Amino acid sequence: MEFGLSEEQTLLADSVHRFLEEQVPLERVRGIATGEETDGSQSVWQELADLGIPALLIPEEQGGVGLSQLDAAVVAEMFGYHTTPAPFIGTAVMAPIALKAAGDDTTLAAIAKGETTVGVAIGEAVASRLDAGVTSNGERLTGKCVFIINYGSDRYLVADDTGALFMVASDADGLTHRPLTTVDRTRPSGELVFDDTPAQLLSSDAATFEAVLDAGRVMLAADTLGAAQNMIDQAVAYAKEREQFNRPIGSFQAVKHMCAEMAASLEPCRPMVWYAAHALDEIPEEARLTACHTKAHLAEVGTFIAKTSTEVHGGMGFTDLVGLHYWFKRIGFNRQMLGVPELVREEAARLQGLVV
Amino acid sequence: MDLSHGSEYEAFRTEVQQFLHEHKDQAPRGENMRSRKVLDWQRLLIDNGYTARTIPREYGGFGADPDILKGRIIAEEFANARVSQGLGGQGISMLVPTLLELGTEEQKQQFIKPTIEGEMVWCQGYSEPGAGSDLASLRTSATLDGDEWVVNGQKIWTSTAHIADWIFCLVRTEPDAPKHRGISFLLFRMDTPGIEIRPLVDMTLAANFNETFFTDVHVPKHQIVGERGQGWQVANAILGHERDSLGDPNASLTRLNALTELMKHETMGGQRLIDNPVYRDRLMKIQGRVMAMRFNDMRVLSARLNNKNATLARMITKLQGTELRHDLEGLAIDIMGEVGLAYQDNPYLRDGGSWQSQYMYFLGLIIGGGTSQIQKNIISERGLEMPREPKVEKQG
Ligand SMILES: Cc1cc2nc3c(=O)[nH]c(=O)nc-3n(C[C@H](O)[C@H](O)[C@H](O)COP(=O)(O)OP(=O)(O)OC[C@H]3O[C@@H](n4cnc5c(N)ncnc54)[C@H](O)[C@@H]3O)c2cc1C
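**Student:** Any chance you could explain the packing of helix α3 (residues 68–81) of chain B against helix α8 (residues 277–305) of chain B here in plain terms?
**Tutor:** Describing two packed helices takes the angle between their axes plus the distance from one axis to the other. All names here are of chain B. In contact at an axis separation of 10 Å, α3 and α8 are set at 145 degrees when each is read in the N-to-C sense. Considering how the two elements wind past one another, α3 and α8 form a crossing that is right-handed. In this structure, α3 uses I68, L69, R72 and E76 to contact α8, whose residues at the interface are R294, F295, M298, L301, S302 and L305. Among the residues making up the contact of α3 with α8, the classes are represented as six nonpolar, one polar and three charged.

**Student:** Where do I start with the confidence of the model for chain B in this structure?
**Tutor:** Detailed reading of the predicted coordinates is not advisable wherever pLDDT is low. The pLDDT averaged across chain B works out to 93; a share of 97% of its residues lies at or above 70. Across the interfaces of the predicted complex, the ipTM metric reaches 0.94, alongside a pTM of 0.94.

**Student:** Would you mind going over the sheet that holds strand β5 (residues 165–169) of chain A with me for this structure?
**Tutor:** Sheet strands pair via backbone hydrogen bonds, and the direction of the pair is either parallel or antiparallel. Residues and elements named next belong to chain A. The strand order across the open sheet formed by four strands is β1-β4-β5-β8, and the pairing between neighbours is mixed. Both outer strands of the open sheet, β1 (118–121) and β8 (200–203), are each paired with one neighbouring strand and no more. The mean inter-strand angle of the sheet, taken between neighbouring strand axes irrespective of direction, is 30 degrees. Of the strand pairs in this sheet, β1 and strand β4 (residues 155–159) are connected by four bridges, and their pairing is parallel. Bridge pairing in β4 places A121 opposite V158.

**Student:** How should helix α6 (residues 105–112) of chain A be read in this particular structure?
**Tutor:** Those residues of α6(A) lying buried are T107(A), L108(A), A110(A), I111(A) and A112(A). The positive-phi residue at the C-terminal boundary of α6(A) is G114(A), with phi of around 80 degrees.

**Student:** What should I look at first to understand the interface of chain A and chain B in this one?
**Tutor:** Frequently, the measure chosen for interface size is the accessible area that the parts lose on association. Contacts between chain A and chain B engage 50 residues on the former and 51 residues on the latter. In total, chain A and chain B occlude about 4,300 Å² of area from one another, counting both sides; carbon and sulfur atoms represent 63% of this. Considering only the surface of chain A that becomes buried against chain B, M1(A), F3(A) and L354(A) emerge as the three largest contributors, covering 19% of it. Counting every contact that joins chain A to chain B gives nine salt bridges. Connecting chain A to chain B are 21 residue pairs in polar contact (both at pLDDT 80 or more). At the level of elements, α8 (206–241), β10 (247–248), α9 (253–266), α10 (269–282), α11 (284–312) and α14 (341–351) of chain A are the ones that each hand at least two residues to the side of chain A that touches chain B. With 10 residues, α9(A) is the largest single contributor of residues to the side of chain A that touches chain B. Across the side of chain A that touches chain B, the residue classes tally to 25 nonpolar, 13 polar and 12 charged.

**Student:** Any chance you could explain helix α5 (residues 105–116) of chain B here in plain terms?
**Tutor:** Residues and elements named next belong to chain B. Between its first and last C-alpha atoms α5 spans 17 Å; for 12 residues at 1.5 Å apiece the expected length is 16 Å, and the two agree. Looking at α5, one finds that the buried residues are Q107, K108, F111, I112, P114, T115 and I116. Packing partners of the buried residues in α5 comprise α2 (36–48), α4 (90–102), β1 (122–125), β4 (166–172), β5 (183–189) and β8 (224–225). G118 occupies a position one or two residues after α5 and carries a positive phi of about 85 degrees.

**Student:** What exactly am I supposed to notice about the site of the ligand here?
**Tutor:** Taken together, 19 residues surround the ligand, and among them S127(B), S133(B), W157(B), S159(B) and T371(B) come closest. Neighbouring residues of the ligand are not confined to one chain but are distributed across chains A and B. Residue Y126(B) places a main-chain N or O atom 2.9 Å away from an oxygen atom belonging to the ligand. Here G369(B) contributes a backbone N or O atom positioned 3.4 Å from an oxygen atom of the ligand. Starting from 970 Å² of accessible surface for the ligand in isolation, the protein chains cover 67%. Of all the secondary structure elements, the ones that give two or more residues to the shell around the ligand are α11 (354–367) and α12 (372–383) of chain B. Looking at the shell around the ligand, the element that brings in the most residues is α12(B), giving three residues. Two domains each put at least three residues into the shell around the ligand: domain 2 (122–230) and domain 3 (247–383) of chain B.

**Student:** Please clarify how the environment of L384(B) should be interpreted in this entry.
**Tutor:** Positionally, L384(B) belongs in the segment after α12. Classification of L384(B) by relative accessible area gives buried; the value is 13%. Separated by 200 residues in sequence, L384(B) and S184(B) have C-alpha atoms that sit 30 Å apart. Once you skip the residues sitting within four places of it in the chain, L384(B) turns out to touch V236(A), K240(A), C259(A), A260(A), A263(A), L312(B) and I379(B).

Rules used throughout
- Residues numbered from 1 in each chain as written.
- Chains lettered and ligands numbered in written order.
- Predicted model: local features only at pLDDT ≥ 70, side-chain atom pairs only at ≥ 80, totals over all residues.
- Heavy atoms only, no water.
- Axes fitted to C-alpha atoms, helices over the stretch in contact; angles between N-to-C directions.
- Helix = DSSP H or I, 4+ residues; strand = E, 2+ residues; numbered from the N terminus.
- Left-handed = near helix turned anticlockwise from the far one by under 90°.
- Contact = heavy atoms within 4.5 Å.
- Nonpolar A, V, L, I, M, F, W, Y, C, P; charged D, E, K, R; others polar.
- pLDDT = per-residue confidence, 0-100.
- Pairing = 2+ DSSP bridges.
- Buried < 20%, exposed > 50% of the residue type's maximum accessible area, 1.4 Å probe, protein only.
- Buried area = accessible area lost by both parts, 1.4 Å probe.
- Salt bridge = Lys/Arg side-chain N within 4 Å of Asp/Glu carboxyl O.
- Polar contact = N/O pair within 3.5 Å; in protein donor to acceptor, adjacent residues only side chain to side chain.
- Expected span 1.5 Å × (residues − 1).
- Near = heavy atom within 4 Å.
- Areas by Shrake-Rupley, 256 points an atom, 1.4 Å probe, with all protein chains shown as cover.
- Domains from an automatic or database assignment.

Listed below in structure tokens is the structure:
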């Protein structure tokens with residue numbers, strides 16, 4: 001019995017880490033975020049496809065690797081660590097769950113090969129903002145989705161107002177879309193407007209919707225785990241280097257204690273993410289509640305670390321120069337998407353019968 | 001993650017539930033730790049493997065192999081039933097693990113069984129008026145006189161000294177050695193002539209800790225754990241165990257369940273507290289933190305069993321666990337408004353007044369066993385390898 005990552009998972013994390021460190025360092029992330037490298041996130045995705053990343057969760061029969069959600073969480077953590085611009089959560093995690101439920105082997109195979117990417121527009125079925133929402137007649141969609149995940153993909157996984165899941169091609173008739181700028185430039189978001197748009201029904205089973213949502217939440221939490229870890233690493237390294245009053249600032253207790261508080265609050269998040277991801281596959285009776293709490297808790301801890309790490313850097317933390325804000329914004333994005341903490345905690349309460 | 005949630009565990013859970021169903025009424029509820037009821041319950045739990053589970057049989061334990069999931073199941077079921085999972089205290093949580101690690105065979109035979117059975121109660125003599133956070137500067141001395149140590153000096157904050165049978169005590173035996181290398185770890189009876197105990201009332205208004213004075217206290221030479229001068233290392237092994245036990249996430253789970261129950265019954269303006277969305281959100285927030293700490297605990301345990309490194313995860317448990325518990329107790333007080341103030345003989349007392357007393361008690365634990373600030377020093381300097389404080393030499 002072991003509560004922790006397997007040898008293989010540690011190796012997977014290391015190899016993704018090394019790849020991203022070499023191939024997608026901050027300078028490249030910056031280039032993609034500022035639009036200097038056009039289509040950057042698509043080309044990063046192609047490179048990741050060579051590593052087998054899009055195929056992670058896809059069964060071997062469809063050309064995938066057939067790994068678990070915990071493996072995916074390990075990868076998501078690394079993407080957060082490196083603020084990687086790639087349509088990972090939608091394409092490689094959330095969409096395959098719905099496609100497997102529908103038995104759409106062709107699309108699964110295309111994802112595995114890195115030939116297609118999928119964005120996710122289910123936020124309205126979680127909590128509608130701006131009066132957005134989609135209705136369907138089982139074949140066609142009408143309405144609007146805002147702040148979708150992985151905008152700019154080849155197709156979109158869309159939920160209607162009953163939670164039924166559809167797949168829509170990005171060039172489908174009656175679909176108009178536009179990008180929506182957010183603080184986080186590493187993961188494009190946007191808006192989809194449907195006007196009697198043809199769509200493929202994948203599942204109208206509430207359990208499928210929930211499985212997609214839970215997985216998305218756990219992956220966002222894993223992304224925050226990685227991003228926050230990087231912010232701690234940067235703060236500690238900076239505090240050892242930077243000198244004031246003839247001492248490294250890291251020898252000042254105020255600074256040390258900021259770092260200790262960050263580490264102390266993040267450390268329990270690691271096994272929490274592991275367990276939540278493991279539960280998605282293996283412990284269905286605990287999966288929903290753990291996903292909610294993990295999403296909310298990581299959002300709170302992540303926000304604390306994003307602020308504190310920035311403070312440890314002094315004025316430098318506030319500049320574009322060191323780029324710390326990429327992690328800050330990444331954590332902010334993960335917090336807002338698929339349910340802010342208050343919303344997911346209310347869902348956690350409901351799951352336990354505490355809401356009448 | 002290799003957490004086989006197999007049928008073995010289903011069966012085990014049923015077994016624990018069955019046990020609780022049958023014996024729940026025998027469980028003590030706030031009785032004196034010396035009472036027959038508490039001691040019988042302790043023995044019953046050991047016999048069934050629900051406490052002292054992994055202590056070897058030859059020393060009076062249950063002798064099971066460590067099993068994270070079974071440990072978790074026991075904790076959960078006892079928490080759900082809100083039944084005591086047996087005795088704690090410094091003898092059980094600190095001394096026993098240390099003796100298992102560093103004690104002689106004779107010491108193990110002599111002390112472990114009566115300690116885990118609750119028959120032998122211990123107190124911890126570390127802190128002195130001049131040596132708190134800077135424990136290594138302690139001055140209580142012991143000099144060897146033939147076959148005996150002669151102990152002189154004063155300890156303070158000695159919890160349960162007034163009821164303890166024995167003390168484990170840090171004393172300076174090598175006055176000329178550097179301060180960390182001149183300390184030894186002695187065990188002696190509290191009824192030895194020359195010991196005087198004066199109670200100190202704490203903020204909960206209980207007199208749980210004491211000033212303890214030693215005047216020519218004679219201790220047999222062999223009642224030392226580790227070698228002469230190695231007491232600091234022995235103490236650090238123990239402090240590790242203490243820190244593991246102080247913010248116990250399973251105890252937090254029990255209290256979380258009690259808080260949820262409270263919110264289902266307590267009302268404000270005729271509305272149940274659980275139906276107030278603000279309060280409910282605060283409950284859920286604490287639940288998330290409790291959950292994270294329980295996973296942390298499982299990870300630490302697993303790492304120990306599998307020889308994996310989880311140093312940082314272990315280092316943070318005292319800090320995070322005690323702060324969490326203090327917040328949890330405080331939440332109950334908050335949401336009860338004026339009723340949250342009730343104390344002692346107040347007729348509107350809830351849950352025996354435990355919310356206020358635990359709220360204060362856990363502030364004590366935030367301070368005791370190495371303050372939160374000291375924990376942060378340890379985490380940053382040893383865990384994150386940040387530069388140490390510049391040393392200040394004592395003047396004069
Ligand atoms: C409920 C309770 C039970 C206890 N039980 C026992 C017991 O059974 N046996 C026993 O031996 N002791 C016991 N203690 C004593 C406890 O271990 C000490 O109180 C604790 O180690 C702090 O020492 P101090 O009280 O001298 O505070 P001090 O060391 O004087 O600390 C005062 C303040 O200064 C801060 N401080 C001190 N040094 C530093 C530093 N280097 N960096 C940053 N901040 C610093 C502390 O964090 C604290 O905020 C108990 C204490 C409590 C509260």
